[in-house]
Every structure is written in structure tokens, then in C-alpha cells.
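What follows is the residue order along each chain.
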Amino acid sequence: MHPTRFTAAVTALALSAGLAAALAGPAGAAQQDRPVPPPGDGRSRALAAADSAATSGLDELRHGADEDLVRTSVTPWSNGLYFSAYERTYKGLPVAGGGDAVVLSDSTGKVREVTGAPAPALRLSTTAEVDARAALATARAQLKSVESAGAPELTVLLKAGKPVLAWHTLVVGRTAKNKPSSLDTFVDARTGRVTQATEKVQHADGRGYHNGTVTIDTAASSMTDPNRSGFRCGGQNGSAYTGSSPWGNGGANDLVTACVDIMYAAQRESDMLKSWFGYNGINGQGGMVPARAGLTEVNAYYDGTKTTYGRNQNGTNQLTGIDVVAHEYGHEIFDRTPGSTGSSNENGGLNESTGDIFGALTEHYANNPNDTPDYTVGEKLNFLGDNRPIRYMYNPSLRNNDPNCYTQLTSNTEVHAAAGPQNHWFYLLAEGSSPGGGKPTSPICSGGPSSVTGIGIQKAGKIFMGALLMKTSSWNHLAARRATLTSAKNTYGSAECNAVKTAWNAIGVPAQSGETDCGGTTTPDFSLALNPSSGSAQPGSSATATVNTSTTGGSSQTVQLSASGAPSGVTVSFSPSSVTSGNSSTMTVQVASGTADGTYPITVTGTGSTTHTVTYQLTVGTTTPPTGCQNAENTYQGTLTSGATAVQPNGSYYYSATSGTHAGCLRGPAGTDFDLYLQKWNGSSWASVAVDGDATSEEDITYTGSAGYYRYVVHAYSGSGAYTLGVSAP
């Protein structure tokens, strides 16, 4: 049995508000004698909807027969919303560089938005000709000195739209020019050569000053944060400074004092995320990477494992001001949200801008009199000897003629300069083009609106944070526009959504097909899902699936169903052929005699006020669900990927009106480890009353219990494939 993994897996299981017709109690059982049934659960409904969209391949979530979308994180949001992030796998291997996705769903079980990074259909051998040890040696050789290197993981890398089998590792150390480096490295698993290496070190132009006497969270005898996991501050050896409060002496180059500044700024940023946005700290899980002070260089950076801070050009102080620290931890926010960091200059510019935005947000939240809130970067440092900031968010062109407008960007724009357009957008959204009150005016790019009215930095920040939770590996300005509109409309409403749109128009980012309508009324829309999303049939037989629809915007509407892509000899029909959104149709896939064996993707299209698609994977002849459990009263079939779970009957539960024996029989794919759990509702939660968790694909449960509500949970502990569940009840 595998209780730990099971507990983690079932936290997202859906609780249906209705009873399954199957397995009802005897006809004479009095309905009024039943206890109160299990309530619907908003989180479970949202995640069930998201998982169904991912499994069904809704719109941008389409994937092939050997591919799966594996949910990697869930972030709760305002108004009962949940962001579910998914990573693509191919034959069990992670896919990097595309194919990742995010689903925004709500507590009523509606899918609000899906976004996915483009990926081609994958077909390649997963057998490596170069072993992990050789690949690691090659990756380490890219740096002159190595501080750490992760164990290589066999991965499918999408490079220039083509899949490459590669060993993936992160190598941290120093380059031949003695520059800090954190190389996200892929070594071709066939040739043994580096096929891609992306620098994750995000450098900041130096800033630094002291924040005065402040309160920070530390352990009694070390600069280790007791409340934020992983966070500590010390010297270049990585160990936290030890001592006791009061920490530091206030000296400009005292490194313990530098750590006071670092911990103060990082902790205020973490607090801001929780207080203003409801987000759980820098990494989304209540923690952040550690910090190191005392770098003997004019630099500060984040490398994926830590933040590091040096000194200014003249050596007069450490680069540990609020904006630089919040900027560096802003890179961790960008790195830890879905899609992580990309390799293009545009993606890098958006990453740098994210750091600047979180620097401004943290300054406004902290409201420290020693560093009054503003929208400039490095204003306290005199970094270049001219007493000017190094970046101006309200008018980026004031430094080095950096671009104000999206149309000024090129593929070669340096990443710090490329931060300009999004920084400009954020200022316009937060403050407007002519905010008054001593705040600077901000120009509008050619073709933009005559003016922009701001909505305030807290609202602007929450909209931006919500957009980052929809980020994918193909993140760019166009995707950011679409995501911020979705975030604004779903978090606040029409007025804020229109403000976001106006700010993007003001910097020249054009409207995108399918972007959120900011109208005061909800645009009619619907969603599709398949249950199951795959099936198998021998020639001369058929398979069925349920096409579920839901109304996700406006009033319910008629949805016409059709199918395409079926191979010769396969016909698809729907009964009924059109439904009112919120209802379902039965899809029958008829396989004629003589149809060639193979796996075929069939696209199911729903057409109403707009069009949505899902994908059904049909396997002809080669595989069928495991047989067995012939004596069961009711039989259910499904398909699970490794680590996933399913609730039966049909995602719901059943009521047993009398005491007696419950029997469950599970048959999973050969060579896998599937587990079976029988659960009973105890009035407040589901409790497992019988478990068969042997390390096999066949599980059997017999349980004698009293009347009540019951359900079965099937858990694919390891391995993937189709299963059959037989169920009998008193």
C-alpha cells in the first residue's frame, strides 16, 4: 500500500452533488431515511474541470496518444478561481521548451480559460545512446568551475519546433571569464553534444542603501527565517550569519547589516504577496531561495538556487536596497510560476520587467521613509556617477533611449532595455498617463489612446500576478496582454479589464484573437470535455464516450457536435447531434471490419457562438481494457496516467440503504501498480474503509459495512493505461 502518495493524489478528487443511479439501494428503502449527502466542494469541482479539459485536449491542450498533460501545481485565486498548471510528458519523459499549459477554472466546475505553449506532434525513440554520467561530464565542462550540478534527467527538448532526446541538468558555477553562471543545460542523448544551454543568472544593475532600524524575522542565534522555508542570509560560503539581535552595526559595508537589508526587503515582498494578492510567498509555497551577501563584484543576481549581492562601483555600499532585493526575488517568482523562464530576449526582457514591477510593488507595500515608493530603479545608488536611476518605468527612454513601445523591440534588444515596454504598461495601468499628485506624467506611443487612467498599484499588481499564473514557456508580450485581460476580467470586472486593454494599446501591443471581451456583460461561451477521452475497439465493434458541455459565459446556447480525423473504416456519430450547453451527448465510434490496427486521434468539435475542440484517442485492435470481474453487478472502465486518480462510479458516489458486503474488483494494465480504495462518507469527509494497495495491477476489496454513502478511488501508483473496475453492493 502507498498511503503517502495516495493522500497527495486524492486531494483534488471531485465530489459530485448528485447520486449515481447505479448501485442504488433496494426499491423499498425510504429516501427520507438517508443521511445528508456529501456536499459539493469548490476546489474539487474546479480541479476536476481543469483535469477533464487537459485529458480531453481542449483547444490549446491538444496532445498525442503517447503524450500526457500532468498537473504540477494548483494556485487558488479570488472569486473561487483556481490556476492549474500542466507539463507535457512523452512516453513518461518530461517535455521541455513547449507543450506546457495552464487552465483557469472556477468552483462551479467551469473552465474560464486555457492557454498552452505550442508543440508539434511528437514521435521519437526514447532510448539514450549516451549515458547520464557522460552527459553530466559534458554539462559540467561548460563552466570553468562548478559549485553544484543536478542529476541529469532524460527529457524531450523541443528545439526550433523539433523534438530532441536530451539529458537535462542545471550547472551552477563560474565561466572562463569568472562570471557567475547557472546553465540550464541539455546534452543530446545521441551525439553527446550540448544542444541547448540557457543562462539562468539574472543580473541586476547595482543598487544599495540601508533601510534604517527595521524589524526582521530570524532565529534566536542565526539569520535564518523561522517562518519562510529555505530563506536565510549569510556570506559567500552559503552559511547563515550567526549572532543575536540587534543584528548588524548600520555600516555601509558591514555584511551582517547587508543581510538585515536583504531579509527586510525579501520578507516585505513575501508579506506583500500574501496580503495584497493572497499568494503564498515568493515560491508559491511559503518559502524562497537563500541569500548571500559580500560578493566582491559590482553585481547582484538570481541563479535559480540563491540570490547573491555585491557592492557598488565605488565600493561605498552594498547592493542591498529594497528595489534590488525585490527585483532579484521577482526573478524567482517568474521562475517558479508556470512556464518558468524562457531563452529569448523578449522573454528575458519580460523577466527583467517582472523584477522591476515587484521592486516597485514592494517599495509601495513597505512604505519605508528611507526609500519612499517610486517607479524608478536604482535611484538611491548613483550607480553610474550621474545621480540618476538606471531605469525609469514611467518613461524608459530617459535612460539610454531604451524602448518605451512594443513596436521598438527587436530580437536583439538587450534584456534590461527590453524591460521597457512592460514597465511602461505597468505604470500606465497603475497610475495613468497624467496621475498628478507629484507623480510623473507618462508618454503614450503612436496610435495609442489620448490618455490612460490608472487603477492603483495594488489592483495592477494583482492583475499582473494573476497573469503570471497563466504563463507558459512561450511567454511574450502578446501572451501577456491576453493573460492580463483574463486576469483582470475574472479577478475584478469590466472596468479594470478595459483599463488593462487601454494600457496595452498605449504601448502598442495589438489586440489578440480570442482575448477576453471586457464588455460589461458576459460573452456567451461554452466548454467541452470527453469522458473517457480515449478508448479501444476491435474491428467490427464500437466504443463510446460522453461529450459533456458546460456554459462558461452568458446564457446557455445550442452546441452542434461533429467529428473529423477518423481513419478509413471508422465512423463517428452523436446522440443527440446537438445539445444545449450544460447537457451531454453520447458519442459512438463504430469500427468496421478490416480497419487497420493503430492509434488514431479524432477531433471532436463543438460549434456555437464560438468553436471549441477536444481530442479522442482511438486504439483499434492492439489494446483493450483488462478483462476480469465478470461477476460484478456493475462495471466501469477508464484510463489513467501514472500518479493520477479516478473516482467511481462515474466521478460520483452511491448510496447503500442496508448493511451488507461491498465488493470491488480492479484490473489494471499488465506491469503497472494500480491501487483500489473504498471510501465512506462520515458526515464531514471521505474516509477509507478498505484498501488493496499491493504492488500489482490487480486489486480486490471485500468490506462489510452499514448503510451510507460510498465511492471507489482508483489510483495509478506507477504505470499508465486502461483499467476495468467491477463493483457490487448490498
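Residues numbered from 1 in each chain as written. Predicted model: local features only at pLDDT ≥ 70, side-chain atom pairs only at ≥ 80, totals over all residues. Heavy atoms only, no water.

### Points about helix α4 (residues 255–277)
With 23 residues, α4 ought to run about 33 Å at 1.5 Å a step, and its terminal C-alpha atoms sit 32 Å apart, in line with that. With respect to burial, α4 is a largely interior element, 18 of its 23 residues being buried. (Helix = DSSP H or I, 4+ residues; strand = E, 2+ residues; numbered from the N terminus. Expected span 1.5 Å × (residues − 1). Buried < 20%, exposed > 50% of the residue type's maximum accessible area, 1.4 Å probe, protein only.)

### Remarks on the sheet that holds strand β23 (residues 578–580)
Read from one edge to the other, the open sheet built from five strands follows the order β19-β26-β25-β21-β23, with strand pairing classed as mixed. Looking at strand neighbours, the two that pair on one side only are β19 (534–537) and β23, the edges of this open sheet. Between one strand and the next, the sheet's axes are offset by a mean angle of 30°, whatever the strand orientation. As paired elements, strand β25 (residues 598–607) and strand β26 (residues 611–620) share ten bridges and run antiparallel to each other. Directly across from Gly606, in β26, lies its bridge partner His612. (Pairing = 2+ DSSP bridges. Axes fitted to C-alpha atoms, helices over the stretch in contact; angles between N-to-C directions.)

### Quick word on the nonpolar core
Within the largest apolar cluster, 81 residues are counted, with the highest numbers of intra-cluster contacts made by Phe277, Tyr329, Phe358, Phe426 and Met465. Looking at this core, the element that brings in the most residues is α4, giving twelve residues. If we skip the residues at most four places from it in the chain, Tyr329 touches Phe231, Ala266, Glu269, Ile282, Met288, Val289, Pro290, Ala291, Thr307 and Tyr309. The next biggest cluster of nonpolar side chains, apart from the first, holds 34 residues, and it includes Leu69, Val547, Met587 and Val620. (Core = buried A, V, L, I, M, F, W, Y, C linked by side-chain atoms within 4.5 Å. Contact = heavy atoms within 4.5 Å.)

### A few points about empty space enclosed by the protein
The final tally for this structure, using the stated rule, is two cavities of 30 Å³ or more. Taken as a whole, the largest cavity spans an internal volume of roughly 50 Å³. Lining the largest cavity we find eleven residues, and of these Asp323, Asp356, Gly359, Thr376 and Val377 sit closest to its centre. Elements supplying a minimum of two residues to the lining of the largest cavity: α5 (322–336), α6 (345–366) and β16 (376–377). Broken down by element, the residue count for the lining of the largest cavity peaks at five residues, all from α6. Residue composition of the lining of the largest cavity, by class: three nonpolar, four polar and four charged. Taken as a whole, the second largest cavity spans an internal volume of roughly 30 Å³. Put simply, the parts of the chain that give the lining of the second largest cavity at least two residues each are β17 (391–392) and α7 (420–431). For the lining of the second largest cavity, the per-class residue count stands at four nonpolar, three polar and two charged. (1 Å grid on protein atoms, 1.4 Å probe; cavity = no way out; pocket = protein on both sides within 12 Å on 5 of 7 lines; lining within 4 Å. Points joined across faces, edges and corners; volume = space filled by probe spheres on them. Nonpolar A, V, L, I, M, F, W, Y, C, P; charged D, E, K, R; others polar.)

### A word on the state of the cysteines
Applying the stated criterion across every chain yields a total of three disulfides. The partner cysteine of Cys405 in its disulfide is Cys445, sulfur to sulfur 2.0 Å. Taking the sign of the S-S torsion, about -95° here, the bridge from Cys405 to Cys445 comes out left-handed. Placement of the pair is Cys405 in the loop between β17 and α7 and Cys445 in the loop between α7 and α8 (457–468), with a sequence separation of 40 residues. Looking at Cys405, the relative accessible area reads 11%, which means it is buried. By relative accessible area, Cys445 is classed as buried at 7%. Between Cys497 and Cys518 runs a disulfide, and the two sulfur atoms are separated by 1.9 Å. (Disulfide = S-S within 2.5 Å.)

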